[in-house]
Amino acid sequence: MNKVHLSGLLPAEVTSLLQELGEPAYRGRQVFAALHKRRLTSLAEATDLPKDLRARIDERATASTLTLESRYVSEDGTRRYLLKTHDGFPVETVFIPEERRDTICFSSQSGCPLQCSFCLTAQLGLLRNLTPGEIVEQVIVALNDAYGIGSETPHGTNLVGMGAGEPFLAFDSVMKALRIMAEPTGLHIVPGRVTISTAGIVPRIRELATIPDRPHLAISLAAPTDELRDQLMPINKKWPLQELLAACKEFEKSLKPGETFTFEYVMLDGVNDSEDQARQLANLLNRHELRAKVNLIPHNSAAPLPYLPSPPERVERFQGILESKGVRALVRRSRGRDIYAACGQLAARGAEKIAPALN
Ligand code: SF4
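Residues numbered from 1 in each chain as written. Predicted model: local features only at pLDDT ≥ 70, side-chain atom pairs only at ≥ 80, totals over all residues. Heavy atoms only, no water.

Q: Lay out the nonpolar core in plain terms, naming residues and giving numbers.
A: Counting 97 residues, the largest nonpolar core has Phe118, Phe261, Phe263 and Val294 as the members making the most contacts within it. Beyond its immediate sequence surroundings of up to four residues, phenylalanine 263 is in contact with Ile219, Leu221, Leu245, Cys248, Leu285, Leu290, Ala292, Lys293, Val294 and Asn295. (Core = buried A, V, L, I, M, F, W, Y, C linked by side-chain atoms within 4.5 Å. Buried < 20%, exposed > 50% of the residue type's maximum accessible area, 1.4 Å probe, protein only. Contact = heavy atoms within 4.5 Å.)

Q: Talk me through the packing of helix H6 (residues 202-209) against helix H8 (residues 241-252); I want residue IDs and the actual numbers.
A: How two helices sit against one another is set out by the angle between their axes and by the gap between those axes. Direction vectors running N to C along H6 and H8 enclose 5 degrees, while the axes themselves pass 9 Å from each other. Comparing their axes, H8 and H6 come out roughly parallel. Of H8, the residues touching H6 (which contributes Val202, Ile205, Arg206, Leu208 and Ala209) are Glu243, Leu244, Ala246, Ala247, Glu250 and Phe251. Residues of the contact of H6 with H8, tallied by class, amount to eight nonpolar, no polar and three charged. (Axes fitted to C-alpha atoms, helices over the stretch in contact; angles between N-to-C directions. Helix = DSSP H or I, 4+ residues; strand = E, 2+ residues; numbered from the N terminus. Parallel < 35°, antiparallel > 145°, perpendicular 65-115°, else oblique. Nonpolar A, V, L, I, M, F, W, Y, C, P; charged D, E, K, R; others polar.)

Q: So what about unusual backbone geometry? Which residues, and what values?
A: One non-glycine residue, histidine 188, lies in the positive phi region at around 55 degrees. Assessed through its relative accessible area of 45%, histidine 188 is described here as partly exposed. Notably, glutamate 289 is not glycine yet its phi reads approximately 50 degrees, a positive angle. Inspection of the secondary structure puts glutamate 289 in the loop between helix H9 (275-287) and strand E13 (292-298). With a relative accessible area of 59%, glutamate 289 lands in the exposed category.

Q: Before we move on, could you go through the pairing of strand E14 (residues 328-331) and cite the residues and values that matter?
A: Here E13 pairs with E14 via four bridges, running parallel. Along E14, the bridge assignment pairs leucine 296 with valine 331. This β-α-β element, E13 to helix H10 (residues 312-324) to E14, shows right-handed connectivity. (Pairing = 2+ DSSP bridges. Right-handed = clockwise from strand over helix to strand, strands pointing away.)

Q: Let's hear about the sheet that holds strand E5 (residues 90-96): which residues, and what values?
A: What the 10 strands build is an open sheet, ordered E3-E4-E5-E6-E9-E10-E11-E12-E13-E14; its pairing is mixed. Each of the sheet's edge strands pairs with one partner strand only, and the pair in question is strand E3 (67-73) and E14. For this sheet the average axis-to-axis angle between neighbouring strands, irrespective of direction, equals 20 degrees. Two elements, strand E10 (residues 194-198) and strand E11 (residues 216-220), share four bridges in a ladder whose sense is parallel. Each bridged residue has a counterpart across the sheet, and for threonine 198 the counterpart in E11 is isoleucine 219.

Q: I'd like a description of the environment of leucine 6, backed by residues and values.
A: Note on placement: leucine 6 falls in the loop between strand E1 (4-5) and helix H1 (11-20). Given a relative accessible area of 1%, leucine 6 falls into the buried group. The sequence separation of leucine 6 and serine 64 amounts to 58 residues, and the corresponding C-alpha distance is 7.4 Å. If we skip the residues at most four places from it in the chain, leucine 6 touches Leu17, Val31, Leu35, His36, Leu43, Ile57, Ala61, Thr62 and Ala63.

As structure tokens, then:
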């Protein structure tokens, strides 16, 4: 793409682009608001800008680079979007409507280089990192689809960086996209409304802790021992549990009053859900004295992954053991499972490729 992707620019960058075209600063603000507040996907629709200016901007820059390939709506209202980058790579985004707030789950990479054995995205491998503009645009596409271009959203929006990819391997793109989306003159989704999930890229956990206006952090744990985590999440061989939890302890110092961070624990039938493993997990977290909560996520089966979700009684038992040892634990309800929009299921599947889930 030779043109500048406007959605990936901060207000000051839009202004300097307009100034290079000989325009005053307020034109930059107008363009930024057209893209992020009014969520226009083409400047052709920004009829408050002179026509010749729109044509001149168009020679240098474009508002949007993603194209919508397919859209799937779940029986629970969750929507999954399969988008394509200008160079042909798949991008997936999930919109989860909730009574008080909507949540948009965005992707940070096309595919993912990490090989978590319970995740369909892993099977794509890394195709490439997404740019800041491609991250911002996913949110704009989802809001426009749910509410119409330019319409006020009835609820606030939470963002989770838990779609395809490891956000900490696309760190600069993600952090810039979050700064753009936090702008009060644009989408105005502040970092306190954003949670980024990592498989455990330890140096980035430490780096995130130093950023004053940072999003919340979630860590995908999946196992209480190195032996099992090495198998389920091979990144553990590089940064084993001891190092990961030491970084979490460090991160804890940056928590604001009332803020906790979260461990995500996908529950795989007969693999990581025994009573012993619950005790091991509680002991591990207690040993590090972490102010964290654990989200228990029943696995979302998807052929050809070799796992089944833990039965509800076992999830409940696991939760009970954690709680009895003083570890806060919640069971998360999966959304959008029937359209392959749930956690670990994003693998650029089209409708024709959707096979019945095992559960
Ligand atoms: S769980 Fe996340 S980090 Fe692991 S392979 Fe899937 S997308 Fe990548």
